Amino acid sequence: MKNNSAYIVGGVLAIAILILYILHFTSTPDKNGVQTKDFNTMMNDSSITLPIAYVNVDSLLMNYNFWKDLSEALMRTEENSRASLTQKERQLNAAAQEFQRKLQNNAFLSTDRAEQEQQRIVRMQQEYQQMAERLSQEFAVEQQKLNSELNDTVRVQMKEFNKNKGYQIIFSNTGSDNILYADDKYDITKEVIDFLNRKYGPATSSGTATTPPATQE
């Protein structure tokens, strides 16, 4: 029983020492040298209670100007691809309709001429399908490239961001995929967004993204 009491007392003393350590080494002295940072304020500081934080990726993507420009560039690529496919499809439909009209009106001079025209339309259809597949693959490659560019940029910027923050781990969180619950004090999303946008600047109307420099503030 004495041993249990000793363990309890020892645990209480350890907690007390830890609290005193936090109060002494993390408080800011006022002009008279008196520690003024109160305990409640420190307990709401995630870098003191636990040196971890998380960033909501959905909010980051919605508000990061660099990603807005990347998304705009990707959207322009998709629109150009769609326009090219639409033009090709119209040419194909026009040729098919003209072939059908001539066939119904016996406008072909010979059966061979009709077969040649039919084969030409089949080739146009094959070219359209090949073009659609090629543009789809190019879009996927471009999307992956921009995603990698975003990830690399954010990782570099987060190292810069954390130089004076002291976090040991910064999690990324999409919805509730990675973090089921966390106190709001561990959410540094807005702070990170503000930092990233200061580094990058305003989003451009042209949709041309420029990788922000990784220089210290």
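Going by the structure above, here's the rest.
Below: a short report on this structure.

Rules used throughout
Residues numbered from 1 in each chain as written. Predicted model: local features only at pLDDT ≥ 70, side-chain atom pairs only at ≥ 80, totals over all residues. Heavy atoms only, no water. Helix = DSSP H or I, 4+ residues; strand = E, 2+ residues; numbered from the N terminus. Buried < 20%, exposed > 50% of the residue type's maximum accessible area, 1.4 Å probe, protein only. Expected span 1.5 Å × (residues − 1). Contact = heavy atoms within 4.5 Å. Axes fitted to C-alpha atoms, helices over the stretch in contact; angles between N-to-C directions. Parallel < 35°, antiparallel > 145°, perpendicular 65-115°, else oblique. Nonpolar A, V, L, I, M, F, W, Y, C, P; charged D, E, K, R; others polar. Pairing = 2+ DSSP bridges.

Here we come to unusual backbone geometry. Look at Asn106: it is not a glycine, yet its phi comes out positive at around 55°. Of note, Asn106 is situated in the loop between α5 (65-104) and α6 (111-161). When its relative accessible area of 68% is taken as the criterion, Asn106 is described as exposed.

The subject of this paragraph is α5. For α5, spanning 40 residues, the distance from its first C-alpha to its last is 58 Å, which sits close to the expected 58 Å at 1.5 Å a residue. Residues of α5 that are buried: Asn65, Phe66, Trp67, Asp69, Leu70, Leu74, Ser81, Leu85, Leu92, Ala95 and Phe99. In the core, the buried residues of α5 are packed alongside α4 (57-63), α6 and α7 (189-200). Positive phi appears at Asn106, one or two residues downstream of α5, with a value of about 55°.

Between α6 and α7, the shortest axis-to-axis distance is 11 Å and the interhelical angle comes to 105°. Between α6 and α7, the angle falls in the class roughly perpendicular. On α7, the residues touching Gln157, Met158, Glu160 and Phe161 of α6 are Glu191, Val192, Phe195, Leu196 and Lys199. Broken down by class, the residue content of the contact of α6 with α7 amounts to five nonpolar, one polar and three charged.

Turning to the packing of α5 against α6, a few remarks are in order. Two numbers describe how α5 lies on α6: the axes approach to 10 Å, and their chain directions differ by 175°. With respect to α6, the element α5 is oriented roughly antiparallel. Tallied by class, residues from the contact of α5 with α6 come to 19 nonpolar, nine polar and eight charged.

Among the five residues in strand β1 (residues 52-56), four count as buried, and that is most of the element. With five bridges joining them, β1 and strand β2 (residues 169-173) adopt parallel strand pairing. Looking at β2, one finds that Ile52 is bridged to Ile169.

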